[in-house]
Amino acid sequence: MNYFPDEVIEHVFDFVTSHKDRNSISLVCKSWFKIERYSRQNVFIGNCYSISPERLLRRFPCFKSLTLKGKPHFADFNLVPHGWGGFVQPWIEALARSRVGLEELRLKRMVVTDEGLELLSRSFVNFKSLVLVSCEGFSTDGLASIASNCRHLRDLDLQENEIDDHRGQWLSCFPETYTSLVTLNFACLEGETNLVALERLVARSPNLRSLKLNRAVPLDALARLMACAPQIVDLGVGSYEDEQDSESCLKLQAAIRKCTSLRSLSGFLEAAPHCLSAFHPVCHNLTSLNLSYAAEIHGSHLIKLIEHCKKLQRLWILDSIGDKGLEVVASTCKELQELRVFPTDLHGGGNTAVTEDGLVAISAGCPKLHSILYFCQQMTNAALITVARNCPNFIRFRLCILEPHKPDHVTSQPLDEGFGAIVQACKNLKRLSVSGLLTDQVFLYIGMFATQLEMLSIAFAGDTDKGMLYVLNGCKKMRKLEIRDSPFGDAALLADVNKYETMRSLWMSSCEVTLGGCKRLARKAPWLNVEIINENDNNRMEENGYEGRQKVDNKLYLYRTVVGTRVDAPPFVWIL
Amino acid sequence: MDEFVNLKETELRLGLPGTDNVSEEIERVSCNKRALQGDTENETESSMMKTETCPPRKAQIVGWPPVRSSRKNIIQTKKNESDSEGGRGVYVKVSMDGAPYLRKIDLSCYKGYKELLKALEIMFNFSVGEYFEREGYKGSDFVPTYEDKDGDWMLIGDVPWEMFVCTCKRLRIMKGSEAKGLGCGV
């Protein structure tokens with residue numbers, strides 16, 4: 001193994017980029033551990049509380065890119081109260097104090113502040129890339145710091161964050177000499193945008209590949225921007241209010257025709273139905289289309305656009321497309337790999353919407369499909385069994401039937417057999433979300449067949465602790481398990497405490513676990529942080545000794561960690 | 001069924017008594033303890049029972065369906081716009097060719113076309129000319145149009161007012177050359 005000098009081994013390691021593989025390499029021997037340590041460029045931390053910045057820096061002194069994730073997934077649906085945690089500030093401060101030459105920071109579900117962004121922008125001379133996904137706590141002032149101070153910035157990618165828009169001049173903070181922009185995504189900003197500054201920035205960014213605008217960028221500005229950036233690959237349209245046949249529209253059409261590199265289209269945050277036709281000329285090259293925010297576009301217009309998109313690999317759409325529309329997708333988009341269908345009616349009982357027929361059509365027509373997120377009002381076992389037969393290659397399968405506990409609408413049976421068929425056929429399934437009426441049986445199937453499953457989301461499902469036990473015992477590769485409103489209790493929680501060391505985290509809310517059970521778990525497993533998010537403001541009850549049979553009406557979130565209890569938890573989070 | 005309700009009453013809970021949590025729990029217990037009612041033969045029966053006893057509280061379940069707030073907001077806007085066709089405040093966008101930004105007006109505030117057009121003339125500072133059934137609007141470069149439910153652009157004034165309010169999705173004051181196609185007299 002050590003016939004080669006370290007530099008040669010390091011050079012070989014350079015070709016190994018996946019985190020899992022690099023983790024494996026570091027376990028081979030001490031020498032490899034050391035070489036790998038010093039040469040690791042990209043560090044991924046799936047739970048910011050599993051480790052501290054200091055330990056990170058001790059282990060990897062030379063990294064350039066850091067990915068951090070904070071809040072649990074269910075925070076996306078408002079199940080985690082404000083102030084829970086996930087603060088990036090200590091990380092930025094620690095990194096700033098050290099000598100690490102940070103170039104890229106990718107954060108997901110974390111709390112970021114303007115002060116933190118300012119510190120970030122001043123501390124790392126070669127900082128190139130900032131990607132914030134589902135973060136909050138900062139404003140456009142923080143963006144102004146990044147724009148002003150990061151001379152070598154390439155990417156500023158803001159995805160679905162909650163940003164306080166001070167309607168300031170952050171875009172004009174990019175110096176006139178700054179020309180290295182490659183990615184600019186500010187679609188989630190709600191306020192006005194300085195169009196002049198934006199146009200000047202785009203005009204002096206010859207390397208710009210990805211531009212995603214917010215709703216304050218109107219049609220005529222879009223036309224001018226596209227004329228300045230015909231090399232664009234990925235475009236997010238802001239606002240496209242109908243001005244059919246107007247001068248702006250004609251200019252836009254001319255500009256679009258020149259964008260021969262355009263492969264990805266998204267946005268249409270404010271859009272009139274007819275606007276899509278302007279993009280028909282570029283459809284034949286599109287590989288990615290995200291119209292999931294275009295609530296005002298009728299299904300018929302969506303279909304007309306999609307008919308031209310023969311090379312589409314990724315499609316995110318609203319269910320207004322209907323089953324008919326999905327049939328068009330199935331017959332047109334033979335290269336489709338990922339499909340997400342979002343609901344337009346959150347409360348059920350809608351008449352449009354897609355059904356099991358749409359899902360079956362897609363599975364029959366798109367042989368390369370491997371990821372799906374499908375919101376619908378109804379499903380049948382027969383449909384799921386057909387889907388499983390048509391598409392044994394699913395890696396991610398997420399089905400959300402809007403009404404909890406809804407059975408097969410034809411047979412009134414639970415959907416155990418349908419999901420069972422999915423897990424049995426899809427041997428590479430890594431992520432699964434189940435819904436509808438489900439008994440313990442479906443979990444028996446999951447435990448038996450879903451051997452590669454890493455993430456499972458359960459809501460309103462199961463009958464007894466056995467359900468959860470089937471999963472914990474069977475799914476050896478489980479990393480993230482999130483459960484809500486299901487009758488799993490202490491027996492399941494405590495059956496195999498060591499299992500949680502092999503997982504990143506477990507979330508259980510509105511289940512049957514009790515405070516006493518959680519405390520027992522915390523005692524048995526000191527290497528876990530067992531947190532109760534208590535929203536009832538009843539701290540007194542715990543002190544008065546009420547325990548044992550009390551249900552944890554609130555939320556249990558536990559995760560493995562090497563640094564013990566976190567110190568930044570708010571009062572409503574009890575760490576047991 | 002009643003026995004489950006009583007069991008719930010005696011349990012110590014973290015929630016305050018008399019809060020919504022209690023009634024939520026009753027419903028949830030009925031749903032989750034379904035299996036205790038019997039074996040598989042009774043499953044259909046108990047599912048049906050469950051549906052009777054647990055009417056889906058669609059609007060009230062926190063964090064369900066699992067859709068981000070940003071997505072919920074766009075759906076809500078769309079719903080509000082279509083809900084308002086009932087007459088509770090029929091807000092529609094108004095654009096005018098050449099104007100830097102759009103306006104919104106409440107159609108239910110006007111009793112008829114005359115009032116509406118007058119209001120638009122004041123808002124955008126223009127004149128709309130005179131309406132003729134055959135030729136449309138004569139005497140002005142501006143033509144008032146609206147987009148109907150089918151996505152088509154129609155001349156304002158052709159259909160009865162009530163029908164217009166119900167089918168109108170947005171307004172556009174067309175100007176100049178585009179307006180000619182709609183029968184603007186030359």
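Each value, and the rule that gives it
All chains use their own residue numbering, which begins from 1 and follows the written sequence. Chain labels run from A onward and ligand labels from 1 onward, assigned in the order the entries are written. In keeping with the predicted nature of the model, local features appear solely for residues at pLDDT of at least 70, side-chain atom pairs appear and are counted solely at 80 or more, and the whole-chain, interface and lining totals rest on all residues. The basis for the side-chain values is all heavy atoms of the structure; hydrogens and waters are excluded. Where helices and strands are cited, they refer to DSSP runs of H or I of at least four residues and of E of at least two residues respectively, numbered from the N terminus. The reference for a compact globule is 2.2 Å times residues^0.38; the radius of gyration itself is calculated from the C-alpha atoms. Exposed residues in this analysis have more than 50% of their type's maximum accessible area, buried residues have under 20%, and partly exposed residues fall in between, with area computed by a 1.4 Å probe over protein chains only. For this analysis, residues touch if any pair of their heavy atoms sits within 4.5 Å. Accessible surface area values rest on a Shrake-Rupley calculation with a 1.4 Å probe, where residue burial reflects the displayed protein chains alone. Fitted lines through C-alpha atoms serve as axes, helices being fitted only where they are in contact, and the angles separating the N-to-C directions of these axes extend from 0 to 180 degrees. By the definition adopted for this analysis, an angle is roughly parallel if under 35 degrees, roughly antiparallel if over 145, roughly perpendicular if from 65 to 115, and oblique otherwise. Polarity classes work like this: nonpolar for Ala, Val, Leu, Ile, Met, Phe, Trp, Tyr, Cys and Pro, charged for Asp, Glu, Lys and Arg, and polar for all others, with Gly in that last group. Along the arc lie the directions from the helix axis toward the C-beta atoms. The nonpolar core is taken to be a set of buried Ala, Val, Leu, Ile, Met, Phe, Trp, Tyr and Cys residues, with the residues joined through side-chain atoms within 4.5 Å. Any carboxyl oxygen of Asp or Glu within 4 Å of a side-chain nitrogen of Lys or Arg constitutes a salt bridge here. Residues form patches when they are more than 30% accessible in relative terms and have no salt bridge. Like charges link within 9 Å. Nonpolar side chains (Val, Leu, Ile, Met, Phe, Trp, Tyr) link within 5 Å. A pair of strands is treated as paired once DSSP finds two or more bridges between them. When charges are tallied, Lys and Arg are placed among the positive residues and Asp and Glu among the negative ones, while His and the ends of the chain are skipped. In this description, the location of a charge corresponds to atom NZ of lysine, CZ of arginine, CG of aspartate or CD of glutamate. Two cysteine sulfur atoms make up a disulfide if the distance between them is within 2.5 Å. Known as pLDDT, the predictor's confidence for each residue is given on a scale from 0 to 100. Stacked, tilted and edge-to-face are the three classes applied to pairs of Phe, Tyr and Trp rings, where Trp contributes its six-membered ring and a pair requires centres within 6.5 Å; stacked means planes under 30 degrees apart, edge-to-face means over 60, and tilted covers the rest. For a ring to carry a charge above it, either NZ of a lysine or CZ of an arginine must fall within 6 Å of the ring centroid while also lying within 35 degrees of the normal to the ring plane. For this analysis, a polar contact is any N or O atom pair within 3.5 Å, provided that within protein one partner can donate a hydrogen and the other can accept it, and provided that sequence-adjacent residues contribute only side-chain to side-chain pairs.

**What to know about the overall build of chain A**
Within chain A, the regular secondary structure consists of 20 helices and 23 strands. What you see for chain A is a C-alpha radius of gyration of 25 Å, in line with the 25 Å of a compact globule of 576 residues. Counting only C-alpha atoms and orienting by the principal axes, one finds that chain A spans roughly 70 × 65 × 60 Å. Taking all 576 residues of chain A together, 61% fall into the buried category. Pairs at least 24 apart in sequence give 72% of the contacts found in chain A among residues at least 6 apart. Of the accessible surface of chain A, which amounts to about 22200 Å², a share of 51% is contributed by carbon and sulfur atoms.

**A short note on the packing of helix α14 (residues 381-390) of chain A against helix α15 (residues 416-425) of chain A**
Residue and element names in this part refer to chain A. It is the contact of α14 with α15, at a shortest axis distance of 7 Å, that shows an interaxial angle of 5°. Here α15 runs roughly parallel to α14, going by the angle between their axes. Contact with α14, carried on its side by Asn381, Leu384, Ile385, Val387 and Ala388, involves Asp416, Glu417, Gly418, Phe419, Ala421, Ile422 and Ala425 of α15 and no other residues of that element. Of the residues belonging to the contact of α14 with α15, the class tally is eight nonpolar, two polar and two charged.

**Looking at α14(A)**
All names here are of chain A. Within the span of α14, buried status applies to Asn381, Ala383, Leu384, Val387 and Ala388. For α14, the angular spread of the buried residues around the axis is 160°, confining them to a single face. Pointing more than 90 degrees away from the buried face of α14 are the exposed residues Ala382 and Arg389. Packing partners of the buried residues in α14 comprise α13 (356-365), β16 (396-401) and α15.

**Quick word on the nonpolar core**
Residue and element names in this part refer to chain A. Ranked by internal contacts, the top residues of the largest apolar core, which has 181 residues, are Leu66, Phe268, Phe279, Phe397 and Ile446. Broken down by element, this core gets its largest block of residues, six residues, from helix α9 (residues 219-228). Ignoring anything within four residues of it in the chain, the contact list for Phe279 reads Leu235, Val237, Tyr240, Ile256, Leu265, Phe268 and Leu305.

**Digging into the pattern of salt bridges**
Throughout the structure, instances matching the rule amount to 28 salt bridges over all chains. One salt bridge connects A:Glu136 with A:Lys71, and the closest N-O pair in it is separated by 2.5 Å. Here A:Lys71 lies in the loop between β2 (65-69) and α5 (89-97) and A:Glu136 lies in strand β5 (residues 136-139), a separation of 65 residues in the sequence. Note that B:Arg172 is salt-bridged to B:Asp97, the shortest N-O span being 3.0 Å. Residue B:Arg172 is found in strand β7 (residues 168-175), and its partner B:Asp97 is found in the loop between β1 (91-96) and β2 (103-106); the two are separated by 75 residues along the sequence. Beyond isolated ion pairs, a larger network of salt bridges with shared partners links A:Asp76, A:Arg109, A:Glu160, B:Arg68 and B:Arg71.

**Some thoughts on a nonpolar patch on the surface**
On the surface, a cluster of nonpolar side chains totalling about 470 Å² of accessible area is made up of A:Tyr3, A:Phe4, A:Val8 and A:Val12. Structurally, the position occupied by A:Phe4 is in the segment before α1 (6-13).

**A short note on the packing of α15(A) against helix α16 (residues 440-449) of chain A**
All names here are of chain A. At their nearest, the axes of α15 and α16 sit 9 Å apart, and the two run at 5° to each other. With respect to each other, α15 and α16 are oriented roughly parallel. Across from Asp416, Glu417, Phe419, Gly420, Val423 and Gln424 in α15, the residues of α16 making contact are Gln441, Val442, Tyr445, Ile446 and Phe449.

**Some details on the sheet that holds β2(B)**
Residues and elements named next belong to chain B. Across the sheet, five strands lie side by side as β2-β1-β7-β5-β6; this open sheet has mixed pairing. Each of the sheet's edge strands pairs with one partner strand only, and the pair in question is β2 and β6 (153-155). Ignoring strand direction, the axes of neighbouring strands in this sheet form an average angle of 30°. With four bridges connecting them, β1 and β7 associate as parallel partners. Bridging across to β7, Val94 finds its partner in Leu171. Contacts from helix α5 (residues 113-124) reach β1, β2, β5 (142-148) and β7, with the element oriented near 155° to β2.

**Quick look at a negative patch on the surface**
Residues and elements named next belong to chain A. On the surface, a cluster of negative charge is made up of Asp6, Glu7, Glu10 and Asp14. Relative to the assigned elements, Glu10 resides in helix α1. Classification of Glu10 by relative accessible area gives partly exposed; the value is 34%.

**Comments concerning the environment of A:Gly564**
Within the secondary structure, A:Gly564 is located in the loop between β22 (555-560) and β23 (573-575). A C-alpha to C-alpha distance of 39 Å links A:Gly564 and A:Asp416, two positions 148 residues apart in sequence.

**Quick look at the state of the cysteines**
Applying the stated criterion across every chain yields a total of zero disulfides over all chains. Here A:Cys309 stays unpaired: no disulfide links it, and the sulfur of A:Cys283, its closest cysteine neighbor, is 3.7 Å away.

**A look at the confidence of the model for chain A**
With 95% of its residues at a pLDDT of 70 or more, chain A shows a mean pLDDT of 92. A low-confidence stretch, residues 538-546 of chain A stays under pLDDT 50, and its non-local contacts, those more than four residues away or across chains, total 15 contacts.

**A word on the packing of aromatic side chains**
Overall, the coordinates contain 24 aromatic pairs over all chains when judged by the stated rule. Judged by centre distance (5.0 Å) and plane angle (20°), the rings of A:Phe174 and A:Tyr178 are stacked. For the pair formed by A:Phe174 and A:Tyr178, the shared burial category is buried. Ring geometry for A:Phe394 and A:Phe397: centres 5.1 Å apart, planes at 70°, overall edge-to-face. In this structure A:Phe394 comes out as buried when scored by relative accessible area, which is 0%. Residue classification places A:Phe397 among the buried residues on the basis of a relative accessible area of 1%. Grouped by ring-pair contacts, the aromatic residues A:Tyr49, A:Phe74, A:Phe77, A:Trp84, A:Trp507, A:Tyr557 and A:Tyr559 constitute a single cluster. Of note, A:Arg566 hangs over the ring of A:Trp84, and the distance from its end group to the ring centre comes to 4.4 Å. Its end group placed over the ring of B:Phe132, B:Lys138 keeps NZ or CZ at 5.5 Å from the ring centre.

**A few points about unusual backbone geometry**
Across residues other than glycine, the phi torsion is negative in most instances, and most of the peptide bonds are trans. Going from B:Trp64 to B:Pro65, the amide bond is cis rather than trans, its omega being -5°. For B:Pro65, the location among the structural elements is in the loop between α3 (43-53) and α4 (69-83). One non-glycine residue, A:Phe268, lies in the positive phi region at around 55°. Following the sequence through the fold, A:Phe268 ends up in strand β11 (residues 264-271). Residues other than glycine seldom take positive phi values, yet A:Asp485 does so here, at roughly 50°.

**Examining the side chain of A:Ser486**
Residue and element names in this part refer to chain A. Within the secondary structure, Ser486 is located in the loop between β19 (480-484) and α18 (490-494). With a relative accessible area of 1%, Ser486 lands in the buried category. Here Ala461 takes part through its backbone nitrogen, which lies 3.1 Å from a polar atom of the side chain of Ser486. Ignoring sequence-local partners within four residues, the contact set of Ser486 consists of Ile458, Ala459, Phe460, Ala461, Ser510, Cys511 and Glu512.

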